[in-house]
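Inside the fold
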Amino acid sequence: GNSVTQMEGPVTLSEEAFLTINCTYTATGYPSLFWYVQYPGEGLQLLLKATKADDKGSNKGFEATYRKETTSFHLEKGSVQVSDSAVYFCALYTGTASKLTFGTGTRLQVTL
Amino acid sequence: DVKVTQSSRYLVKRTGEKVFLECVQDMDHENMFWYRQDPGLGLRLIYFSYDVKMKEKGDIPEGYSVSREKKERFSLILESASTNQTSMYLCASSLSSGVHEQYFGPGTRLTVT
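Residues numbered from 1 in each chain as written. Chains lettered and ligands numbered in written order. Predicted model: local features only at pLDDT ≥ 70, side-chain atom pairs only at ≥ 80, totals over all residues. Heavy atoms only, no water.

Once that is clear, we can look at the interface of chain A and chain B. Listed per partner, the contact involves 20 residues of chain A and 22 residues of chain B. Both sides of the chain A and chain B interface together cover about 1600 Å² of buried area, and 56% of this is carbon and sulfur. Summed over the three residues of chain A that lose the most area to chain B, namely Leu44(A), Ser98(A) and Lys99(A), the buried surface amounts to 28% of that side. On the surface where chain A and chain B come into contact, there are zero salt bridges. One can count three residue pairs in polar contact (both at pLDDT 80 or more) joining chain A with chain B. Those elements giving two or more residues to the side of chain A that touches chain B turn out to be strand 5 (32-38), strand 6 (44-50), strand 10 (86-93) and strand 11 (100-102) of chain A. Among the elements that take part in the side of chain A that touches chain B, strand 5 of chain A stands out by supplying four residues, more than any other. Taken together, the residues of the side of chain A that touches chain B break down into nine nonpolar, eight polar and three charged. (Contact = heavy atoms within 4.5 Å. Buried area = accessible area lost by both parts, 1.4 Å probe. Salt bridge = Lys/Arg side-chain N within 4 Å of Asp/Glu carboxyl O. Polar contact = N/O pair within 3.5 Å; in protein donor to acceptor, adjacent residues only side chain to side chain. Helix = DSSP H or I, 4+ residues; strand = E, 2+ residues; numbered from the N terminus. Nonpolar A, V, L, I, M, F, W, Y, C, P; charged D, E, K, R; others polar.)

Given below as C-alpha cells:
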C-alpha cells in the first residue's frame, strides 16, 4: 500500500538557520506529492506540491523536489523565521478518489 | 477563498453520548473528508464522500458514521462516544477531478470523559 515516512520531530532551530525535513514515500504508480503546514490552533493548509518526477514545488521560501530515484520529497528552507514554527506534513496522492496519504507530521520550533 | 468551517472548536462529551460534528464548505466542492489527528499517528481518514448521499469508508471507520444530505455539509456521527475517540477531528474538501488540494477546517478538539 501507499505510505509516507517523515523524520521524527521536534526539530528545533535558531532563526535564520537552514531547514531540512525529510520525507520518503512508497506508492504504486506515479503519485503527486504535497507538503501541508499546520500553524498552532489551525487546520492544515497546502504549502507546496509537485506532480511529476523532477518537479520542484516552492512557496514562501520553502522548496521541495520530487526525486523518483530516491522516492523522496524533502522540504527545505534557507533561512527559517520564528513564524515558521508549525507542524509540517508530507502527503501523496495516487489518483484514487482524491484520497491523500499523510505522514505523521514533523513539528518545527524556531527560536530567536 | 475557500472556507471550510466546523461547528465547534472544542467539545466535551460523556462516554455513551451521541456526538455530531458538522462541517460546511462554501466552494461547491464534490469531495469531503473527515480525519482524526493524533500525536505520532498523523492524519487518519475516517470517511469521505464524493457526492451527496455517497460515502466511503476510510482507514478507521469503526465507531463512526457520516451523513451528507447537502453538497456543502458533511456530518460525522459518533453513535456512542468512547474515551478512545478523544482526538482532534479535521474536515476537508476538494474538487473531484485532477490533482486538487484539500482545504481544511480549523478542527474540533473532542474530549470524551
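On we go.
Enumeration over the complete set of coordinates arrives at nine salt bridges over all chains. In this structure, the salt-bridge partner of Glu63(A) is Lys56(A), at a minimum N-O distance of 3.6 Å. Overall, Glu63(A) belongs to the partly exposed group, its relative accessible area being 33%. Residue Lys56(A) is classed as exposed on the basis of its relative accessible area of 51%. One salt bridge in this structure joins Arg73(B) and Glu22(B), with 3.0 Å as the shortest N-O distance. (Buried < 20%, exposed > 50% of the residue type's maximum accessible area, 1.4 Å probe, protein only.)

Turning our attention to the packing of aromatic side chains. Residues and elements named next belong to chain A. A complete count under the given rule lists 12 aromatic pairs over all chains for this structure. Centroid distance Tyr25 to Tyr66: 6.1 Å. Interplanar angle 90°. Geometry classified as edge-to-face. Of this pair, Tyr25 sits in strand 4 (residues 23-26) while Tyr66 is found in the loop between strand 8 (62-65) and strand 9 (75-77), placing the two residues 41 residues apart along the sequence. Judged on exposure class, the residue Tyr25 and its partner Tyr66 are both buried. (Phe/Tyr/Trp six-rings, centres within 6.5 Å; stacked < 30°, edge-to-face > 60°.)

Below, the discussion takes up the state of the cysteines. A covalent bond between the sulfur atoms of two cysteines is what we call a disulfide. Under the definition given, this model contains two disulfides over all chains. Residue Cys23(A) pairs covalently with Cys90(A) via a disulfide, S to S 2.0 Å. An S-S torsion of about -70° defines the bridge between Cys23(A) and Cys90(A) as left-handed. Here the residue Cys23(A) occupies a position in strand 4, and Cys90(A) occupies one in strand 10, the gap between them amounting to 67 residues. The exposure class of Cys23(A) is buried, given its relative accessible area of 0%. Given the relative accessible area of 1%, Cys90(A) is considered buried. Across a sulfur-sulfur distance of 1.9 Å, Cys23(B) and Cys91(B) are joined as a disulfide pair. Residues Cys23(B) and Cys91(B) are joined through a disulfide that is left-handed, its torsion about the S-S bond being -75°. Here Cys23(B), found in strand 3 (residues 19-25), pairs with Cys91(B), found in strand 9 (residues 87-94); they are 68 residues apart in sequence, far enough to count as distant. Overall, the relative accessible area of 0% leaves Cys23(B) in the buried class. (Disulfide = S-S within 2.5 Å.)

Interpretation note: all reported values are geometric properties and have no functional meaning in isolation.
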